[in-house]
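Descriptive analysis of the structure
Take a look at the letters that make up each chain.
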Amino acid sequence: MALGRLQPIIASLLGFVMMAHWQLVQVNASLTSSVPAGYDPYADPKNDPNNPLKYITTNSLTTVAFCLVIIVAISQTFCVVKWGAKWMLSLVIGEY
């Protein structure tokens, strides 16, 4: 029974400790920045230290992804109009 009363206190203390740890990690990361003062990330995006995946976007992949999203949006609009499901309108509106 005593543990039941302590459970909210323990949960809030755990949340406070996790938040404090996250803030200390963020402060440490900002203090130990390895980026030089005059560094321009747009000059060489492939070797940018802030780009850990080394991903450089291309217009062709963006076009394919955009077309797929529009196809899904149109098909879901058709399904909402044909079969109802007005509760799914937030999903359809968000796609446009």
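What counts, and where the lines are drawn
- Residues numbered from 1 in each chain as written.
- Predicted model: local features only at pLDDT ≥ 70, side-chain atom pairs only at ≥ 80, totals over all residues.
- Heavy atoms only, no water.
- Helix = DSSP H or I, 4+ residues; strand = E, 2+ residues; numbered from the N terminus.
- Buried < 20%, exposed > 50% of the residue type's maximum accessible area, 1.4 Å probe, protein only.
- Areas by Shrake-Rupley, 256 points an atom, 1.4 Å probe, with all protein chains shown as cover.
- Expected span 1.5 Å × (residues − 1).
- pLDDT = per-residue confidence, 0-100.
- Patch = residues over 30% accessible without salt bridge, like charges linked within 9 Å, V, L, I, M, F, W, Y side chains within 5 Å.
- Salt bridge = Lys/Arg side-chain N within 4 Å of Asp/Glu carboxyl O.
- Phe/Tyr/Trp six-rings, centres within 6.5 Å; stacked < 30°, edge-to-face > 60°.

1. Focus: the overall build of the chain
- A tally of regular secondary structure across the chain gives three helices and zero strands.
- In sequence order, the chain lays out its α and β elements as α-α-α.
- Across the 96 residues that make up the chain, the buried fraction comes to 6%.
- Accessible area for the chain stands at about 8400 Å²; split by element, carbon and sulfur atoms hold 72% of it.

2. Some thoughts on helix α2 (residues 59–83)
- End to end, α2 covers 36 Å across 25 residues, agreeing with the expected 36 Å (1.5 Å per residue, within 8%).
- Of the residues trailing α2, Gly84 is marked for its positive phi of about 90 degrees.

3. Some details on unusual backbone geometry
- Unusually for a residue other than glycine, Ala85 sits at a positive phi of about 55 degrees.
- Counting through the fold element by element, Ala85 comes out in the loop between α2 and α3 (89–95).

4. What about the confidence of the model for the chain?
- Residues at a pLDDT of 70 or more form 85% of the chain, whose mean pLDDT is 80.
- Least confident of the elements in the chain is helix α1 (residues 2–31), whose mean pLDDT is 76; most confident is α2, at 92.

5. Here we look at a nonpolar patch on the surface
- Among the surface-exposed residues, Phe16, Val17 and Met19 lie close enough to one another that they form a single nonpolar patch of about 310 Å² accessible area.
- Mapped onto the secondary structure, Val17 falls in helix α1.

6. Here we look at the packing of aromatic side chains
- Tallying each qualifying case throughout the model produces one aromatic pair.
- With centroids separated by 6.4 Å and ring planes inclined at 75 degrees, the aromatic side chains of Phe78 and Trp83 adopt a geometry described as edge-to-face.

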